[in-house]
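# Chains, contacts and geometry: an overview
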Amino acid sequence: MSEEQQPDGEATLRVVAMPSDVNINGDIFGGWVLSQMDIASGIVAAQRAKGRVTTVAVDAMKFIRPVQVGNILCVWASVARVGRSSMAIKIEAWAVRHRRGISEKVTEAIFTYVAIDEDGNPRPVPQEDAPWPQG
């Protein structure tokens, strides 16, 4: 990684791209990358919401470079916006390419989540300094 290109957010997930995840061109399926990003952003959203959340939208998905077998996909996430019951989570995915010894940003997106209660209904996102609910 160069000085001017650093991931934005918190390192949230690292996973190795495997041969079972390739498309017909030999690159990793975009859907596999998207699912890893959804897992990582869900972790950050649930922490911020202090409980259960659900994905409601993926906005501004941009694939920049392909991911290859053996790359380590590193997903970085940060809370971009908090509404009454929704949150926008900014995601960047970077591939660590062992053969070349570099990291490159491969995709980015904004995922929108809604905080939900045990019945699946929207609930307010608590203040950032609120304690985790008991129960």
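You'll find the structure just up there.
Residues numbered from 1 in each chain as written. Predicted model: local features only at pLDDT ≥ 70, side-chain atom pairs only at ≥ 80, totals over all residues. Heavy atoms only, no water.

### Remarks on the sheet that holds strand E4 (residues 86–97)
If you walk across this open sheet you meet the five strands as E1-E3-E4-E5-E2, and the pairing is antiparallel. The outermost strands of the open sheet, each flanked by one partner alone, are strand E1 (10–16) and strand E2 (53–63). Averaged over neighbouring strand pairs, the angle between their axes works out to 25° when direction is ignored. Relative to E4, strand E3 (residues 72–82) is paired through 10 bridges, and the arrangement is antiparallel. Note that in E4 the partner of Val 79 across the bridge is Ile 89. Taken strand by strand, helix H1 (residues 30–49) contacts E1, E2, E3, E4 and strand E5 (102–115), and its axis lies near 55° from that of E5. (Pairing = 2+ DSSP bridges. Helix = DSSP H or I, 4+ residues; strand = E, 2+ residues; numbered from the N terminus. Axes fitted to C-alpha atoms, helices over the stretch in contact; angles between N-to-C directions. Contact = heavy atoms within 4.5 Å.)

### Examining unusual backbone geometry
With a phi angle near 55°, Lys 50 is a residue other than glycine that sits in the positive phi range. With respect to the helices, strands and loops of the structure, Lys 50 is situated in the loop between H1 and E2. Backbone geometry places Ala 60, a non-glycine residue, at a positive phi of 55°. With respect to the helices and strands, the residue Ala 60 is situated in strand E2. Looking at Ala 60, the relative accessible area reads 60%, which means it is exposed. (Buried < 20%, exposed > 50% of the residue type's maximum accessible area, 1.4 Å probe, protein only.)

### A look at H1
The end-to-end C-alpha distance of H1 is 28 Å, a good match for the 28 Å that 20 residues give at a rise of 1.5 Å each. Buried residues of H1: Trp 32, Val 33, Gln 36, Met 37, Ala 40, Ser 41, Gly 42, Val 44, Ala 45, Arg 48 and Ala 49, and no others. Contact partners of the buried residues in H1: E1, E2, E3, E4 and E5. Phi turns positive one or two residues past the end of H1, at Lys 50, with a value near 55°. (Expected span 1.5 Å × (residues − 1).)

### Let's talk about the side chain of Arg 123
Position of Arg 123 relative to the elements: it lies in the segment after E5. No salt bridge is formed by the buried Arg 123; the nearest opposite charge belongs to Glu 118, separated by 6.7 Å. In this structure the side chain of Arg 123 is engaged in a polar contact, spanning 3.4 Å, whose partner is the backbone oxygen of Arg 52. (Lys, Arg positive; Asp, Glu negative; His and termini not counted. Salt bridge = Lys/Arg side-chain N within 4 Å of Asp/Glu carboxyl O. Polar contact = N/O pair within 3.5 Å; in protein donor to acceptor, adjacent residues only side chain to side chain.)

### Let's talk about the pattern of salt bridges
Evaluated as defined, the whole model comprises six salt bridges. Residue Lys 90 is joined to Glu 92 by a salt bridge in which the shortest nitrogen-to-oxygen separation is 3.3 Å. Because the salt bridges share partners, they merge into one network encompassing Asp 8, Lys 90, Glu 92, Lys 105 and Glu 108.

### Here's the deal with the pairing of E5
Where burial is concerned, most of E5 is hidden: 11 out of the 14 residues are buried. Here E2 pairs with E5 via eight bridges, running antiparallel. Among the inter-strand pairings, Thr 55 is bridged to a residue of E5, identified as Tyr 113. Alignment of E4 against E5, held across 12 bridges, turns out to be antiparallel. Across the sheet, the residue bridging to Val 96 is Ser 103, located in E5. Between E4 and E5, which pair antiparallel one after the other, the connecting turn spans four residues, and Gly 101 there sits at a positive phi close to 70°.

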